[in-house]
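# Notes for the structure review
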Amino acid sequence: MSPRKPSELTVLSRRKSRLLGQITQIKNCLKNVDSPLNQAGLKHKLASLSEIKGKIDALRKESYSVLSDEELPNFESSLDKMEEDADNLEVDKNLTKFWDLEAIGIKEEYSSNPNDQAMQHFKSSVRFNSGHYEVGFPWKRDKQELNYNFSAAENRAKSLAKRFIRDPTLFKQYFEILKKYESQGIIERVFQTEKPTDRAVFYLPHQAVFRQESLTTKMRIVFDASSHEDGQLALNECIWPGANLNPNIFHLLIYFRLNTIAITADIERAFL
């Protein structure tokens, strides 16, 4: 007697379990890390987050076509939770940058290369317009290689909409932030529904990220430039990251002791 073929739900659930295991591993690493010297393994795992999120998107897309109406809601709800965990881990990924910056004597400091292509692009394209600075994207490869990622972004938007239904307070906070962005000119409404043929198009998925320990901003909207269709390029892979402009922490400590009075300040938003 030949073995029974597993159902589509079983196959997708197995793939989901493998992704969940990877996310859990990263969570456990973050809980158990106690020194900047132990970051090598963690950094490798954090670097895989973009791939994990891409696989979650692919899994969601496939579930729409193969699962029944009875199977889909629970399966999709579990994907929502996994995606939320991955989004929050994406923020924790930035902690490793701080560890690098503050690892005095552990990591050699490099000065900014004057021939750095991103900096050269910045200097050649920056301009002051209507009270603010504008600069072009520092493309490191042909922007036409950037594939149309509407499907992946749409799936993320559907997932976000379901979170809004479950949490009206989140929807209100989200709406207020987007309205503020629009009034500040950070974002604008796009009324064109057809894909332009004369330029590259990339849709930036976004999600809410919570940092309860923050004194000023408990929730912020993070735009995901690492998102991509399965096997395609992400926006982050097509542009130069640019030079690290964060100041050397050792130099800051020395400067802090040079004068009688020190003034500190914080910026409202480092990046979107």
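- Looking at an unreviewed UniProt entry, the protein chain carries the name DUF1758 domain-containing protein, with the source organism given as Trichonephila clavata.

## A short note on empty space enclosed by the protein
- This structure, assessed with the given rule, holds one cavity of 30 Å³ or more.
- A volume near 90 Å³ is recorded for the largest cavity.
- Looking at the lining of the largest cavity, the elements that each hand over two or more residues are α4 (72-93), α7 (150-166) and β3 (206-210).
- A per-class count over the lining of the largest cavity returns one nonpolar, three polar and six charged.

## Remarks on the packing of helix α3 (residues 49-66) against α7
- Running from N to C, α3 and α7 cross one another at 80 degrees; their axes reach a closest spacing of 10 Å. With respect to each other, α3 and α7 are oriented roughly perpendicular. Two secondary-structure elements touch here, α3 through Lys-53, Asp-57, Arg-60, Lys-61 and Tyr-64 and α7 through Ser-151, Ala-152, Asn-155, Arg-156, Lys-158 and Ser-159.
- Here the contact of α3 with α7 is built from residues that sort into two nonpolar, three polar and six charged.

## A closer look at the side chain of Asp-80
- Tracing the backbone shows Asp-80 in helix α4.
- Accessibility expressed as a relative area gives 4% for Asp-80, which makes it buried.

## Section: the environment of Arg-156
- Among the structural elements, Arg-156 can be located in helix α7.
- Linking Arg-156 and Ser-227, residues 71 residues apart in sequence, is a C-alpha distance of 9.8 Å.

## Observations regarding the packing of aromatic side chains
- In the structure shown here, the tally under the stated rule is six aromatic pairs.
- Geometrically, the ring pair formed by Phe-128 and Tyr-133 is edge-to-face, given 4.9 Å between the ring centres and 65 degrees between the ring planes.
- Classification of Tyr-133 by relative accessible area gives exposed; the value is 64%.
- Among the aromatic residues, ring-to-ring pairing joins Phe-164, Phe-171, Tyr-174 and Phe-175 into one connected group.

## With respect to the nonpolar core
- Ile-23 and Ile-56 are the most contacted members of the largest nonpolar core, which totals 15 residues.
- Elements represented by at least two residues in this core include exactly α1 (8-32), α3 and α4.
- Per element, the largest residue contribution to this core is six residues, and it comes from α4.
- Contact partners of Ile-56, with chain neighbours within four places excluded, come to Leu-19, Ile-23, Leu-79, Met-82 and Glu-83.
- Judged by nonpolar contacts, the second largest core, of ten residues, contains Leu-160, Ile-177, Ile-221 and Phe-223.

## Here we look at the pattern of salt bridges
- Evaluated as defined, the whole model comprises nine salt bridges.
- Among the ionic pairs, Arg-156 bridges to Asp-57, the shortest N-O distance being 3.9 Å. Pair noted here: Arg-156 is in helix α7 and Asp-57 is in helix α3, with a separation of 99 residues, a long-range link. A single burial state applies to Arg-156 and to Asp-57, both of which are buried.
- Here Arg-166 and Asp-80 are joined by a salt bridge, their closest N and O atoms 3.7 Å apart. Pair noted here: Arg-166 is in helix α7 and Asp-80 is in helix α4, with a separation of 86 residues, a long-range link.
- Under the relative-accessibility criterion, Arg-166 is labelled exposed at 52%.

## Let's talk about the side chain of Asp-57
- Taking the relative accessible area as the measure of exposure, Asp-57 reaches 4% and is therefore buried.
- When residues no more than four places from it in sequence are discounted, the contact partners of Asp-57 are Glu-83, Ala-152, Asn-155, Arg-156 and Ser-227.

## Considering the environment of Gly-242
- Tracing the backbone through its elements, the reader meets Gly-242 in the loop between β4 (219-223) and α9 (249-256).
- Note: C-alpha distance between Gly-242 and Gln-117 (125 residues apart in sequence) is 8.0 Å.

How each quantity is defined
Residues numbered from 1 in each chain as written. Predicted model: local features only at pLDDT ≥ 70, side-chain atom pairs only at ≥ 80, totals over all residues. Heavy atoms only, no water. 1 Å grid on protein atoms, 1.4 Å probe; cavity = no way out; pocket = protein on both sides within 12 Å on 5 of 7 lines; lining within 4 Å. Points joined across faces, edges and corners; volume = space filled by probe spheres on them. Helix = DSSP H or I, 4+ residues; strand = E, 2+ residues; numbered from the N terminus. Nonpolar A, V, L, I, M, F, W, Y, C, P; charged D, E, K, R; others polar. Axes fitted to C-alpha atoms, helices over the stretch in contact; angles between N-to-C directions. Parallel < 35°, antiparallel > 145°, perpendicular 65-115°, else oblique. Contact = heavy atoms within 4.5 Å. Buried < 20%, exposed > 50% of the residue type's maximum accessible area, 1.4 Å probe, protein only. Phe/Tyr/Trp six-rings, centres within 6.5 Å; stacked < 30°, edge-to-face > 60°. Core = buried A, V, L, I, M, F, W, Y, C linked by side-chain atoms within 4.5 Å. Salt bridge = Lys/Arg side-chain N within 4 Å of Asp/Glu carboxyl O.

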